[in-house]
Amino acid sequence: MKNLTLLPALLAILLWSSLATLGAFTQRLPPFLVTAVALLIGSLLAIHRIKQWRVSATTLLVGVTGIFGYHFLLFTAFRTAPALEANLLNYLWPLLIVVLSPLFGMGKLTGRHIAAAVIGFCGAVLIVSKGRFDFANDLPTGYLFAIAAAFTWSSYSLMTRKLPPFPNAAVGGFCLLSGILAGICHWLFEPAIIPTQQEWLALIVMGIGPLGASFFLWDKAMKAGDPKQIGALSYLTPLLSTFILAISGLGELNTTSWIAGALILTGATIGSFSKRN
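Now for a quick tour of the structure.

1. With respect to the overall build of the protein chain
Reasoning step 1: Counting its secondary structure elements, the protein chain contains 13 helices and zero strands.
Reasoning step 2: Beginning at the N terminus, the succession of helices and strands in the protein chain can be written as α-α-α-α-α-α-α-α-α-α-α-α-α.
Reasoning step 3: Relative to the globule expectation of 19 Å for 277 residues, the C-alpha radius of gyration of the protein chain, 18 Å, shows essentially globular dimensions.
Reasoning step 4: Seen along its three principal axes, the alpha-carbon backbone of the protein chain occupies a region of about 50 × 45 × 35 Å.

What follows is the structure in structure tokens.
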């Protein structure tokens, strides 16, 4: 079944949706520390296939730039711009996957694809902002870092299909080097903090799921699926994240959430139609 190629993407989206809830248990910890530990744990998921981690220097550079570069730019954005606005700009990445896909030779862009991505983005803006917008008149430098993060993740996602074929297990090597670089950033820029037992448990779950298995699933999805469909579906991430927070008692749903959800689901439905491009 052709639509089964979207399953790895949906599973990755579901895992990323749990990140906000898990992050509630690690709020005390510096972000680079969380990322370093979780990515190092995530790399262990493919340690049994470590021989397949050997890839060309170009492939390794793209992989590490995608995983570490994205997080580095995003965390820098959060440090230098209001977190809400930075997160909104970060959610340009699904739209960019759709819009940039023709530049990577992945089919023609149609009005259906653009409409799906724009509707999904509007829904993401609503659900992240809760209907409140307050962009500064003089744009902080952090906005540029947030946009750069969105471009980095979307470009990495599309590049995985243009690179010479490499094993899915090689993502473990990307995670390992990215985790080491995040650890260096923690050592250079953040205070040293020892996680508690509860925080270690949250870090392990993060490493297994949203900062581990998700990257392997995403690699599989981008290599096999239609990036325009996957980009449209990716706006389910903030929607599912909000629902998981609400279910866990860490957040709440309101009228804006339901309107945003309707927009996101509409965009995802339009974008996931299986038609020849």
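2. Notes on the packing of helix 4 (residues 57-80) against helix 9 (residues 171-189)
Reasoning step 1: Close contact between helix 4 and helix 9 brings their axes to 9 Å; oriented N to C, the two are set at 45 degrees. On the basis of the axis angle, helix 4 is oblique to helix 9. Between helix 4 and helix 9 lies a crossing whose hand is right-handed. Residues Thr59, Leu60, Gly63, Val64, Ile67, Phe68 and Phe72 of helix 4 pack against Val171, Phe174, Cys175, Leu177, Ser178, Leu181, Ala182 and Cys185 of helix 9.
Reasoning step 2: For the contact of helix 4 with helix 9, a count of residues per class yields 12 nonpolar, three polar and no charged.

3. Thoughts on the state of the cysteines
Reasoning step 1: Inspection of the entire model under this criterion finds zero disulfides.
Reasoning step 2: Cys175 forms no disulfide, and the closest cysteine sulfur to it belongs to Cys185, at a distance of 16 Å.

4. Digging into the nonpolar core
Reasoning step 1: Counting 71 residues, the largest nonpolar core has Ile67, Trp93, Trp153, Phe215 and Trp218 as its most contacted members.
Reasoning step 2: A total of nine residues in this core trace back to one element, the largest contributor, which is helix 10 (residues 197-224).
Reasoning step 3: Grouped together as the second largest cluster of nonpolar side chains are seven residues, Val64, Phe68, Phe75 and Cys185 included.

5. Comments concerning the packing of helix 3 (residues 31-43) against helix 4
Reasoning step 1: Contact pair helix 3 / helix 4: the axes reach a minimum separation of 11 Å and the direction vectors enclose 160 degrees. Considering the angle they form, helix 3 stands roughly antiparallel to helix 4. Every pair of crossing elements has a handedness; the one defined by helix 3 and helix 4 is right-handed. Taking contact as the criterion, the partners of Pro31, Phe32, Thr35 and Leu39 in helix 3 are, on helix 4, Ile67, His71, Phe72, Phe75 and Arg79.

6. Observations concerning the packing of aromatic side chains
Reasoning step 1: Scanning the model with the defined rule gives 14 aromatic pairs in all.
Reasoning step 2: Seen in terms of ring centroids, Trp16 and Trp218 are 5.0 Å apart; in terms of plane orientation they differ by 55 degrees. Their pairing is tilted. Of the two residues, Trp16 sits in helix 1 (residues 7-17) while Trp218 sits in helix 10, which places them 202 residues apart along the sequence.
Reasoning step 3: Trp16 sits in the buried class, given a relative accessible area of 13%.
Reasoning step 4: The exposure class of Trp218 is buried, given its relative accessible area of 1%.
Reasoning step 5: With a centroid separation of 5.5 Å and an interplanar angle of 50 degrees, the aromatic rings of Tyr70 and Trp153 are classed as tilted. Of this pair, Tyr70 sits in helix 4 while Trp153 sits in helix 8 (residues 141-162), and the two are 83 residues apart along the sequence. In this structure, Tyr70 and Trp153 share a single accessibility class: buried.
Reasoning step 6: Through a chain of ring-to-ring contacts, three or more aromatic side chains come together here, namely Trp16, Tyr70, Trp93, Trp153, Tyr156, Phe215 and Trp218.
Reasoning step 7: For the cation-ring pair, Lys223 lies above Phe166, with the distance from its terminal atom to the ring centre recorded as 3.6 Å.

7. Thoughts on a nonpolar patch on the surface
Reasoning step 1: Taken together, the side chains of Leu40, Leu177, Ile180, Leu181, Ile184, Trp187, Leu188 and Phe189 define a hydrophobic patch exposed on the protein surface, amounting to about 780 Å² of accessible area.
Reasoning step 2: Tallying contributions element by element places helix 9 first for the nonpolar patch, with seven residues.
Reasoning step 3: With respect to the element layout, Leu177 can be found in helix 9.

8. What to know about the pattern of salt bridges
Reasoning step 1: Counted by the stated rule, this structure contains four salt bridges.
Reasoning step 2: In this structure, the salt-bridge partner of Arg28 is Glu199, at a minimum N-O distance of 2.8 Å. Remark: Glu199 occurs in helix 10 and Arg28 occurs in the loop between helix 2 (19-23) and helix 3; sequence separation between them is 171 residues.
Reasoning step 3: Note on Arg28: relative accessible area 44%, which makes it partly exposed.
Reasoning step 4: Across the salt bridge formed by Lys228 and Asp226, the nearest N and O atoms sit 3.4 Å from each other.
Reasoning step 5: On the basis of relative accessible area, Asp226 is assigned to the buried category, the value being 15%.

Calculation criteria
Residues numbered from 1 in each chain as written. Predicted model: local features only at pLDDT ≥ 70, side-chain atom pairs only at ≥ 80, totals over all residues. Heavy atoms only, no water. Helix = DSSP H or I, 4+ residues; strand = E, 2+ residues; numbered from the N terminus. Rg over C-alpha atoms; globule rule 2.2 N^0.38 Å. Axes fitted to C-alpha atoms, helices over the stretch in contact; angles between N-to-C directions. Parallel < 35°, antiparallel > 145°, perpendicular 65-115°, else oblique. Left-handed = near helix turned anticlockwise from the far one by under 90°. Contact = heavy atoms within 4.5 Å. Nonpolar A, V, L, I, M, F, W, Y, C, P; charged D, E, K, R; others polar. Disulfide = S-S within 2.5 Å. Core = buried A, V, L, I, M, F, W, Y, C linked by side-chain atoms within 4.5 Å. Buried < 20%, exposed > 50% of the residue type's maximum accessible area, 1.4 Å probe, protein only. Phe/Tyr/Trp six-rings, centres within 6.5 Å; stacked < 30°, edge-to-face > 60°. Lys NZ or Arg CZ within 6 Å of the ring centre and 35° of its normal. Patch = residues over 30% accessible without salt bridge, like charges linked within 9 Å, V, L, I, M, F, W, Y side chains within 5 Å. Areas by Shrake-Rupley, 256 points an atom, 1.4 Å probe, with all protein chains shown as cover. Salt bridge = Lys/Arg side-chain N within 4 Å of Asp/Glu carboxyl O.

Everything listed here is a matter of geometry and, on its own, says nothing about what the molecule does.
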